[in-house]
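If you want the building blocks of each chain, they are given just below.
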Amino acid sequence: MLGEETPGLDPYFDDENNDSMDQNGEFILPETLPILPLRNVVAYPGTVTPLAIGRDASRQLILEAKPNDTIIGLVTQKDADIDDPIFSDIYSVGTAASILKIIKMPQGPIHVVVHALSRFKIVKPLSVDPYLEAEVIPLEVKSRFTKKLHALMVTVRQTAQRVIELSPNVPEEAAVLLENIDHPSAMADFLAANLNLSIEEKQDLLEELNATKRLEFISVALVNQLEVLEMSHKIQGRVRESIDKSQREYFLQEQLKAIQSELGHGDTQIDEIKQLAKTIKNAHMPKKIEAEVLRELDRMAKLPSASPEYSVIRTYLDWTCELPWSRSTEDQLDIDKAERVLNRDHYNLVKVKKRILEFLAVRKLNPTGKSPILCFVGPPGVGKTSLGKSIARAMGRKFVRMSLGGVHDEADIRGHRRTYIGALPGRILQELRKCESRNPVFMLDELDKIGADFRGDPASALLEVLDPEQNNTFSDHYLDQPFDLSRVMFIATANYTEPIPLALYDRLEIIELPGYTTKDKLSIAKRYLVPRQLKEHGLARGKLTIKDDAIFSVIEDYTRESGVRNLERELASICRNVATDIARGKKRKATITHKHVPKILGPIQFESELALRTGIPGVATGLAYTPVGGELLFIETANMPGKGNLQLTGQIGEVMKESAEAAFSVVRANAPRLGIDDEAFNKYDYHIHVPAGAIPKDGPSAGVAMFISVVSLLKGQAVRPDVAMTGEITLRGLVLPIGGLKEKILAAKQAGIKTVILPARNKKDMEDLPKDAKKGMTFKFVKTVGEALKEAMADRSESKRIRG
């Protein structure tokens, strides 16, 4: 056994030539020893330790020593950074050791191999120059063999054997040596020297003389180290299995390649990778995006072609390469030519054409400027979508149209992430891929009809797309890389702006496309609609002539709209009727006048009921603005015995209900001035109805008409049949401005209205009305309901002045 209690076990010690051995072969510790301070090393009895000696004092000690003869003391420093330690810098307990071999090098430190023999304690320092020397006494190890100690040794040996098995850098001889150690102190010293412990813990073990306590400490340390090694071994096993599987697949793939090569078949996967690399290079992506795409290509190259991930990456690379990163069309900046194209394709629309020409002028002066985000707002059939096509043609750009009606999933805009099966980019990138250009005219149709549900809000996803400050780094979920949309000219369309979220509305430049006048429709029909329908129905020039009075009859009697969509539909019916007669040989050519229209289209669809409706007290004619244009709104008021209650019907919204209640309150508040008996409000209930009852209605602009209707009923006076009115009222009787002025006036003109009562604050908006829309009509601008009452009632002399 090793240790100072077990003499004669030192295989390196020569008994015959050493004066440190007694007659029984036991080691005798000299009373004084030269001390060799050690850094970061604790020497245990029974161990052989190589040392590198570099400090001057230590070199002097070794040079004076004789191998296999000199006994020195090995003591660990408390602080390894001290170069010239004294006794206070070293521990008091160390190990006596014999020098086995000294190797002197021409340069550098002296290498020494020492054999530690027994513990000692410094009792008295003797000198520090030229090296440390001290008076020492031996320390006897305490060990008492018991069943507990025996069991502890068995446990420690088994644990240590398992640690040796799992430690890759420990030689197999260590297990054999451990098996042959029977003394508890020697076993504790052997294991302490090889355990991964701190210097302080190793020094504590050296100073501990009770072998049982040392083994208990070492047992705990061994268990901790064993847990770490087993966990590491388990992890390495998993990694090894994965590597083995990958290597197996790799070898099989290589064998398959060799077989294909012998059969004369090329490696399709390698050819595919090369082709993709070439395509990526030709796509001219931004450098960062190209680096990321090449990284994906490299990952795909390491996968077997049968792997599901392979096809996912391949689809991603195909989409990425096919996007127009650098492909674009050159803008045609000839402003005069663009103006001719716009005028040829569309009648009137002066404001819109002016805005497009301004954009072209700015682009000509500043080619790198940002594209505007326009939004065309107007009723159906006024040419919003076709105007986008004309803009693209005028600029020499490609045209893309995306309908947003009914879209309720954010993924339609931004796409799905690649983790989903069948994931694709959003519609924005899909359409850009189809048109193969990074700067098309991109029309977002029906922006006001976009939906939202639990799958997300597409309108919020459009915030980034329609913001010139952000869309240069638009990020699609599928692509997961920024794509520049700043060169795209986005044009949105909507019938009305109320449903558009405020944040999205703020990013749009609104351009209103009001409805057409009768004169406008006649011109559009002659210049665009009739020639197009003749061509579509195979009617050559001269085969069919439609007179102006026939077109006017169709406009007035068979259509009631702001646009021209129904007008074109009715003209198509006329063309089909004539085409049928010509195909049967009944006619060779035809001329259609207003007399022929009822025979082809049937009875007149729209007749004015104005005189009938307004011929009795309690009926007033209001004007309304709807998504399909302006309309007349007939306000009917009736009374019946009751207690002054007010009932509202006609499927009207909350705002219109409040407007009716306000009008009724203004009448009651001003009853004496209006010549109305207060008892009329105590003896009768009142009912205000807005036909037609099946159509939803809302808005505050019917306030004036409701006021006039109630006053007309209570005074028993009819409202003038040729007067229509619009305006919001307050409880003070003020008349506030309204919107949709042009559409309302056009509706009044079509219905035969001669006088229109309007809020005074809308007078400035009359400049935008075409002259033919105002021709033959009289406009009365009022500030209060009293002024409106004077203009509306059949007998003006009976109107009273009210406050406001």
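Residues numbered from 1 in each chain as written. Predicted model: local features only at pLDDT ≥ 70, side-chain atom pairs only at ≥ 80, totals over all residues. Heavy atoms only, no water.

Colleague: Describe helix 22 (residues 654-669), listing the residues and the values that go with them.
Modeller: In this model helix 22 runs 22 Å from its N-terminal to its C-terminal C-alpha over 16 residues, within 8% of the 22 Å that 1.5 Å per residue would give. Residues of helix 22 that are buried: M656, S659, A660, A662, A663, F664, V666 and V667. (Helix = DSSP H or I, 4+ residues; strand = E, 2+ residues; numbered from the N terminus. Expected span 1.5 Å × (residues − 1). Buried < 20%, exposed > 50% of the residue type's maximum accessible area, 1.4 Å probe, protein only.)

Colleague: Now, about the packing of helix 2 (residues 147-166) against helix 4 (residues 184-194): what can you tell me, with residues and values included?
Modeller: Viewed as axis vectors pointing N to C, helix 2 and helix 4 meet at an angle of 30°, and their least axial separation amounts to 11 Å. In terms of their interaxial angle, helix 2 and helix 4 are classed as roughly parallel. Between helix 2 and helix 4 lies a crossing whose hand is left-handed. Residues L149, M153, V156, R157 and A160 of helix 2 lie in contact with helix 4, whose contacting residues are P184, M187 and L191. Across the contact of helix 2 with helix 4, the residue classes break down as seven nonpolar, no polar and one charged. (Axes fitted to C-alpha atoms, helices over the stretch in contact; angles between N-to-C directions. Parallel < 35°, antiparallel > 145°, perpendicular 65-115°, else oblique. Left-handed = near helix turned anticlockwise from the far one by under 90°. Contact = heavy atoms within 4.5 Å. Nonpolar A, V, L, I, M, F, W, Y, C, P; charged D, E, K, R; others polar.)

Colleague: Can you explain the pattern of salt bridges? Please cite residues and give values.
Modeller: For the coordinates displayed, the defined rule picks out 33 salt bridges. For K148, the salt bridge goes to E216, with nearest N and O atoms at 3.7 Å. In this pair, K148 sits in helix 2 while E216 sits in helix 6 (residues 211-262), placing the two residues 68 residues apart along the sequence. Taking relative accessible area as the criterion, K148 reaches 58% and is therefore assigned exposed. By relative accessible area, which is 33% here, E216 ends up partly exposed. Here D467 and R507 are joined by a salt bridge, their closest N and O atoms 3.3 Å apart. Of the two residues, D467 is situated in the loop between helix 15 (458-465) and strand 10 (474-475) and R507 in the loop between helix 16 (502-505) and strand 13 (509-512); the sequence distance between them amounts to 40 residues. (Salt bridge = Lys/Arg side-chain N within 4 Å of Asp/Glu carboxyl O.)

Colleague: Could you give an account of the state of the cysteines, naming the residues involved and the relevant values?
Modeller: Evaluated as defined, the whole model comprises zero disulfides. Not engaged in a disulfide, the cysteine C321 finds its nearest cysteine sulfur in C435; these two sulfurs lie 17 Å apart. (Disulfide = S-S within 2.5 Å.)

Colleague: Can you tell me about the environment of K780, naming the residues and giving the values?
Modeller: Here K780 is to be found in strand 24 (residues 778-782). Accessibility expressed as a relative area gives 30% for K780, which makes it partly exposed. Between the alpha carbons of K780 and Q605 there is a distance of 31 Å; along the sequence they are 175 residues apart. When neighbours within four sequence positions are excluded, K780 is seen to be in contact with T755, V756, I757, L758 and E791.

Colleague: A description of the sheet that holds strand 12 (residues 489-494) should follow, citing residues and the corresponding values.
Modeller: Pairing in this open sheet of five strands is parallel, and the strands run 8-9-12-7-13 from one edge to the other. Of all strands in the sheet, those bounded by a partner on one side alone are strand 8 (399-403) and strand 13. In this sheet, adjacent strand axes meet at a mean angle of 25° when their direction is disregarded. Bridge count for strand 7 (residues 373-377) against strand 12 is five bridges, and the pairing is parallel. Across the sheet, the residue bridging to V377 is A494, located in strand 12. Its contacts with the sheet place helix 12 (residues 384-395) against strand 7, strand 8, strand 9 (441-445) and strand 12, and it is angled at close to 175° to strand 9. (Pairing = 2+ DSSP bridges.)

Colleague: I'd like a description of the side chain of R355, backed by residues and values.
Modeller: Structurally, R355 can be placed in helix 11 (residues 350-365). Classification of R355 by relative accessible area gives buried; the value is 18%. At a separation of 2.4 Å, a polar atom in the side chain of R355 contacts the side chain of E509. If sequence neighbours within four positions are ignored, R355 has contacts with P372, L374, E509 and I511. (Polar contact = N/O pair within 3.5 Å; in protein donor to acceptor, adjacent residues only side chain to side chain.)

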